[in-house]
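In case you want the letters, here they are:
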Amino acid sequence: MEFAGTSKKVITAREAGLVACTRCNRAWPISHSRCGRCGAKLVSRDAKSLQRVWALWIVGFICYIPANIYPMLRTRQLFQVDESTIIGGAVDLAHHGTMGIAAIIIFASVVIPLGKFWAIAFLAVTIRATEGAAAHRKLWLYEMVEYIGRWSMIDIFVVAILSALVQLRGLATITPGPAAFFFALSVIFTMLSAQAFDPRMIWNGLPNEDEAPDHA
Amino acid sequence: MSDAATPITGNMPLDELIVCPQCDAAYRLRKPEKGERAVCQRCHKVLIAPRHKAGKQIIAVSIAVVVLIIAASVFPFLSISAAGRSNAVSILDAALSFTEGPLLVLSLLTAGFIIFVPLLRMLLTIYVLVPVVLDRPPARHAIRAFRLSEAMRPWSMAEIFALGCAVALVKVADLATVDFGPAFWMFGVLVVLVIVQDGYLCKWSVWNSLEHPKKS
Ligand SMILES: [Zn+2]
Ligand SMILES: [Zn+2]
């Protein structure tokens, strides 16, 4: 039911002497600086966005280090106090035989954040694609980062639920550790970093004539 | 059939164009028929995906979500018991469980991500869409309201919290017995409705109806 493309050439707003609003998709003459429909700032290609991407990336990365060093959870059971870091907690879960849950935590708290740092850095460094296939791969990576990045928050929510729920005085109590704070900040800053990225820059180096007709 | 996604030619009025926010490709606008979608030829981003009577359905779902969020925040969510001791918590308790020093900030963020951001988004959607559905002029500051609602989209994390619950339950299982309160089931329904609401909402159609009211 989708519109099949019939035409070979795609004309960008920039080539047509226009600037597009990325929020509401409206086109304006290139001289306009604000969208008349939704009020968003108009920039044809947001070259400054890379500075913001990197600044937020660095803050996010710095926060990720203490997030892994400090304990995430403090568990008091009778007279025994356990402090576990993100990775330590997942390893404990794996030892208890709940491999599936351990995998979710490792995926959300280690694989996604590290993958995201790599993906954003890769996109920011090699931003312009020179051929169509590379552009599509980069766009796919960008969409993955945008879509999946938020799910890292899951570990924070687990800690929140456990700390609220497990308050059995004298028997067992769970309290959050400082890592929770740094981890949440790290997720927030990498989300902001990904949002600052302007995906239109990916297509800049691409000659439009090479654009293959669409068979979607 | 194809001209909703036809690249532009020559001079045409700017409000008859739509530009892809991901790759800057400009197209002549033609509103897709029911069940059709306008998709960017170059990067495959969905540009317009209108649904029949979407407005009324979205409003109905949004109202249901508002009621569920409020109810789910106050009713008991989960309770645990072990060796004669027990503890029951609401979702608000879980969100506000970070109480020490800088962790307090984390409490406010968590409460925002799982309760207030989803709630505010639903209220803003109702506020913006009710006049549109009734063929009235847009509500005061409707544009600002919809902008805010769209900006909050990535920060609405109810579905992530739901997966967090599942992980937390497995972690608690060998420590104590867990009982589900009414809010637990309400929250489950709520997560599904939030996802449905998000799928029904065509961003472009809303912007368009705010710009050209009464012309549907
Ligand atoms: Zn706009
Ligand atoms: Zn596109």
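You'll find the structure just up there.
Residues numbered from 1 in each chain as written. Chains lettered and ligands numbered in written order. Predicted model: local features only at pLDDT ≥ 70, side-chain atom pairs only at ≥ 80, totals over all residues. Heavy atoms only, no water.

### Regarding the coordination of the zinc ion (ligand 1)
Residue and element names in this part refer to chain A. Just so we agree on the cut-off: Counted as donors are the N, O and S atoms within 2.8 Å of the metal, or 3.2 Å for Na, K and Ca, while water is not among the atoms, so some sites may look incomplete. Metal sites are grouped by the angles between bound donors: all angles between 85 and 135 degrees with four donors is tetrahedral, opposite donors over 155 degrees apart with the others between 65 and 115 is square planar for four donors and octahedral for six, and any other pattern is irregular.
Donor atoms from the polypeptide that bind the zinc ion (ligand 1) are C21 (SG), C24 (SG), C35 (SG) and C38 (SG), placed at 2.2 to 2.4 Å. In this structure, the zinc ion (ligand 1) is surrounded by four donor atoms whose angles at the metal cover 100 to 116°, and the resulting shape is tetrahedral. Each donor residue of the zinc ion (ligand 1) belongs to the same chain, and together they define the spacing C-x2-C-x10-C-x2-C.

### A look at empty space enclosed by the protein
We apply this condition: In this analysis a 1.4 Å probe is tested at points of a 1 Å grid over the protein atoms alone, and where it fits but cannot get out there is a cavity; an open set with protein on both sides within 12 Å along at least five of seven lines is a pocket; lining residues have an atom within 4 Å of a point. Grid points are joined across faces, edges and corners, and a volume is the space filled by probe spheres set on the points.
Counting across every chain of the model gives six cavities of 30 Å³ or more. Considering only enclosed or pocket space, the largest cavity measures out at about 60 Å³ in volume. Considering the residues around the largest cavity, the lining is formed by A:M72, A:L73, A:S84, A:T85, A:I86, A:G89, A:I105, A:D155, A:V159 and B:K171.

### Looking at the coordination of the zinc ion (ligand 2)
Six octahedral donors at a metal ideally form angles of 90 or 180 degrees, and four tetrahedral donors ideally form angles of 109.5 degrees. Residues and elements named next belong to chain B. To keep things clear, this is the line we draw: Runs of E in the DSSP output that reach at least two residues are strands. Runs of H or I that reach at least four are helices, and both are numbered from the N terminus. Categorising residues by exposure relies on relative accessible area from a 1.4 Å probe, with only protein chains included: less than 20% of the type maximum marks a residue as buried, more than 50% marks it as exposed, and the intermediate range marks it as partly exposed.
Within the protein, C20 (SG), C23 (SG), C40 (SG) and C43 (SG) serve as the donor atoms for the zinc ion (ligand 2), at 2.2 to 2.3 Å. The site at the zinc ion (ligand 2) holds four donor atoms, and with the angles between them running 98 to 116°, its shape is tetrahedral. Within one chain, the residues serving as donors to the zinc ion (ligand 2) are arranged as C-x2-C-x16-C-x2-C. Within this pair, whereas C20 is found in the loop between β2 (17-19) and β3 (26-28), its partner C40 is found in the loop between β4 (38-39) and β5 (46-48), the two being separated by 20 residues in sequence. Assigned by exposure class, C20 and C40 land together as buried.

### Here we look at unusual backbone geometry
Residues and elements named next belong to chain B. A positive phi angle, close to 70°, is found at D24, a residue other than glycine. Looking at where D24 falls in the secondary structure, it is placed in the loop between β2 and β3. One non-glycine residue, H141, adopts positive backbone phi at about 60°.

### Looking at the pattern of salt bridges
Worth spelling out the cut-off: We count a salt bridge whenever a side-chain nitrogen from Lys or Arg sits within 4 Å of a carboxyl oxygen from Asp or Glu.
Under the counting rule described, the total for this entry stands at nine salt bridges over all chains. We note a salt bridge from A:R45 to B:D24, for which the minimum N-O separation is 2.8 Å. Of the two residues, A:R45 is situated in the loop between β2 (27-29) and α1 (49-69) and B:D24 in the loop between β2 and β3; the pairing between them involves two chains. Side by side, A:R45 and B:D24 carry an identical accessibility label, which is buried. With its nearest N and O atoms 2.4 Å apart, the salt bridge here joins A:E83 to A:R74. Taking relative accessible area as the criterion, A:E83 reaches 48% and is therefore assigned partly exposed. What you see here is one network of salt bridges that share partners, running through B:R121, B:E150, B:R153 and B:D198.

### Considering the sheet that holds strand β3 (residues 73-77) of chain A
Residues and elements named next belong to chain A. As a reminder of what qualifies: We treat two strands as partners when DSSP finds at least two bridges between them. By definition, residues are in contact when any of their heavy atoms lie within 4.5 Å. An axis is simply a line fitted to the C-alpha atoms; with a helix, the fit covers only the stretch in contact. Between two such axes, the angle follows the N-to-C directions and lies from 0 to 180 degrees.
Read across the sheet, four strands follow the order β4-β3-β6-β5 without closing on themselves; strand pairing throughout is antiparallel. With partners counted over all chains shown, the strands left at the sheet margins are β4 (80-84) and β5 (167-168), one partner each. Judged from the five bridges that link them, β3 and β4 form a sheet pairing that is antiparallel. When the bridges of β4 are listed, T75 appears paired with D82. The sheet strands contacting helix α5 (residues 154-165) are β3, β5 and β6 (172-176), and the helix crosses β6 at an angle near 140°.

### Overview of the interface of chain A and chain B
The criterion, for reference: By buried area we mean the combined loss of accessible area, with a 1.4 Å probe, across both parts when two parts are placed together. By the criterion applied in these results, polar contacts are pairs of N or O atoms within 3.5 Å in which, for protein atoms, one can donate a hydrogen and the other can accept it, and in which residues neighboring in sequence qualify only through two side-chain atoms. Any residue outside Ala, Val, Leu, Ile, Met, Phe, Trp, Tyr, Cys, Pro, Asp, Glu, Lys and Arg is labelled polar, Gly included; the first ten of those are nonpolar and the last four are charged.
Chain A puts 77 residues into the contact, and the matching count from chain B is 77 residues. Both faces combined, the contact of chain A with chain B buries some 7,000 Å², and carbon together with sulfur accounts for 70% of it. In this structure, the connection of chain A to chain B is made through four salt bridges. A salt bridge links A:R26 to B:E211, with the nearest nitrogen and oxygen atoms 2.9 Å apart. Put simply, chain A and chain B have 19 residue pairs in polar contact (both at pLDDT 80 or more) between them. At eleven residues, the largest contribution of residues to the side of chain A that touches chain B is made by α5(A). For the side of chain A that touches chain B, a count of residues per class yields 48 nonpolar, 16 polar and 13 charged.

### Examining the pairing of β3(A)
Residue and element names in this part refer to chain A. If you look at the hairpin formed by β3 and β4, you'll find two residues sitting between the two strands, and L78 has a positive phi there, around 50°. Inspection of the sheet shows β3 paired to β6 by five bridges, in the antiparallel sense. The partner of R74 across the bridge, within β6, is T175.

All we've got here are geometric facts, nothing functional implied.
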